[in-house]
Structures are given as C-alpha cells and as structure tokens.
Amino acid sequence: MIILASNSPRRKELLKGLDIDFEVQVIPGIDESYPNNLPAKDVAEYIATKKSVPYITEGTDNVVITADTVVVCEGMIMGKPSDETDAKRMLHSLSGKTHQVYTGVCIKYGSCEKHFSVCTDVTFKKLSDEEITHYVKVYKPYDKAGSYGIQEWIGYVGITGINGSYYNVMGLPVQRIYEELKTLKV
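An account of the accompanying structure is given in this report.

Once that is clear, we can look at unusual backbone geometry. Even without glycine at this site, Glu74 takes up a positive phi of about 55°. One can find Glu74 in the loop between strand 3 (63-73) and strand 4 (76-78). Looking at Glu74, the relative accessible area reads 62%, which means it is exposed. Located in the positive-phi region is Ser147, a residue other than glycine, with phi close to 70°. For Ser147, a relative accessible area of 0% translates into the label buried.

In structure tokens:
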C-alpha cells in the first residue's frame, strides 16, 4: 500500500494523476523545525525526511511518501504566511524577481529510505499593490509556501517564466516520484 502522509489537497491531486492506488494518512503534530545553519536549498528535504520518522514501514508492505515545500528568494526562506500582512510582504518580496521553489520528498519502504529535493526557478513580473491585495483577499494563500499557488490567479497573471517542474511548484515533483517508485522492489 502507498501512503501519502500529507494533508495537502494539491499533493493528493498530483499523486492521483499518476494512476496509482494510495491512501492519505497523517500523524498530527510532527515537528517541522530545522537547524538555523542549514542551507536554504536543503531545508525542504530535511523537513520531508523528518516528517517520515513516525511512519513505520519495516515489516509491512507500506510505502510512505512525505514532502515539504519551501520558497527561497535571495537566500531567504519563505514558508507559509502567518496572516494577510505577511502574505502581502512575501508577494512584494517575490515581485519582479526570480526565486526558487524546493520540494523535498522522502519515500520509505521497509528498511529502504530515499530522499531528494527538486528545484524549480520561478519568475514573477513586477506585481502592483492592487494585484497583490486582490490575490491575498480573494485567494487567502495562508497554507502556501511563499504565499502563492502557481495554479491560481496570481500564477496566471504574474508568472513570466518557469525553469523546471510546474508540479514541483504546486508541491509534489510527481515525475521524479514516479521514477523513484519504479526502482523500489515492491
């Protein structure tokens, strides 16, 4: 059995697109902290691996997939915004710049554990105050790293370039996960 250990509706939708059977199971209260000295590019993979620890796969036929996504702009990590002001601040920081979206993934099966990170570069046009305010008020992106969903209005009107996986920016690098699942001796 494949278990997606995530509450994210986007991750569930993306994994479903691989036409594999899975179920969602989430152990609440998992610590998502990371060392302050960890390079920004390694944070998502570190957290995804940490999220996998409570899930036991040895002695079962279960495959557990955990993931975490962070947005990094000019070396600064942007997690989920705490409120409307924070969401607007993040979008102003991303406006007119290219940033990186890292999604870290951990796949556990028996005593085997694979973890990796996928990076996608995303470029925003210079966003107006009105565009940022409209997006935050209407879409309330408080559950999204960097305060935006590429698949939402802000992605339609604001993103001018992407180098890498679109699905990685949504929160799950499904192509890479598919390749990794094929290598497991399930």
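Continuing now.
Turning our attention to the pattern of salt bridges. Under the definition given, this model contains 15 salt bridges. Of the charged contacts, one joins Asp31 and Lys50 as a salt bridge, the two residues approaching to 2.8 Å between their closest N and O atoms. One end of the pair, Asp31, is in the loop between strand 2 (22-24) and helix 2 (40-52); the other, Lys50, is in helix 2, and 19 residues separate them in sequence. In this structure Lys50 comes out as partly exposed when scored by relative accessible area, which is 23%. Note that Lys125 and Glu131 form a salt bridge whose closest N and O atoms lie 2.8 Å from each other. Under the relative-accessibility criterion, Glu131 is labelled buried at 17%.

Here we take up the nonpolar core. The biggest cluster of nonpolar side chains holds 39 residues, and the ones touching the most others in it are Ile65, Leu94, Ile107, Tyr148, Ile177 and Leu181. One finds Val43, Ala44, Val70 and Val72 within the second-largest nonpolar core, a separate group that totals seven residues.

With that settled, the discussion passes to the side chain of Arg11. By the secondary structure assignment, Arg11 is in helix 1 (residues 9-16). No salt bridge is formed by the buried Arg11; its nearest oppositely charged neighbour, Asp68, is found at 5.3 Å. Sequence-distant contacts of Arg11, defined by excluding residues within four places in its chain, comprise Leu4, Ser6, Ala67, Asp68, Thr69, Gly171 and Leu172.

This part covers the pairing of strand 5 (residues 98-109). Of all the twelve residues making up strand 5, ten are buried; the element is thus mostly covered by neighbouring parts of the structure. Pairing of strand 3 with strand 5 involves ten bridges; the strand directions are antiparallel. Considered in strand 5, the bridge of Val70 is made with Tyr102. Bridge count for strand 5 against strand 6 (residues 112-124) is twelve bridges, and the pairing is antiparallel. Following the sheet pairing, Gln100 is matched in strand 6 by Asp121. Between strand 5 and strand 6, which pair antiparallel in sequence order, lie two residues; one of them, Gly110, sits at a positive phi of approximately 60°.

Parameters and conventions
- All residue numbers here refer to positions counted from 1 along the written sequence of the relevant chain.
- Whole-chain, interface and lining totals are the exception, using all residues; otherwise, since this is a predicted model, local features are given only for residues with pLDDT of at least 70 and side-chain atom pairs are given and counted only at 80 or more.
- By convention in this description, side-chain values take in all heavy atoms of the structure and omit both hydrogens and water.
- Put simply, DSSP H or I for four residues or longer makes a helix, DSSP E for two residues or longer makes a strand, and each gets a number counted from the N terminus.
- In this scheme, a residue with accessible area under 20% of its type's maximum is buried, one over 50% is exposed, and one in between is partly exposed, where area comes from a 1.4 Å probe on protein chains only.
- Within this document, salt bridges are pairs made up of a side-chain nitrogen of Lys or Arg and a carboxyl oxygen of Asp or Glu, the two lying within 4 Å of each other.
- We define the nonpolar core as a collection of buried residues of types Ala, Val, Leu, Ile, Met, Phe, Trp, Tyr and Cys that are connected through side-chain atoms lying within 4.5 Å of one another.
- Counted charges follow a simple rule, with Lys and Arg positive, Asp and Glu negative, and His plus the chain ends left uncounted.
- A contact between two residues is defined here by any heavy atoms of the two lying within 4.5 Å.
- Strands were regarded as paired on the criterion that DSSP finds at least two bridges between them.

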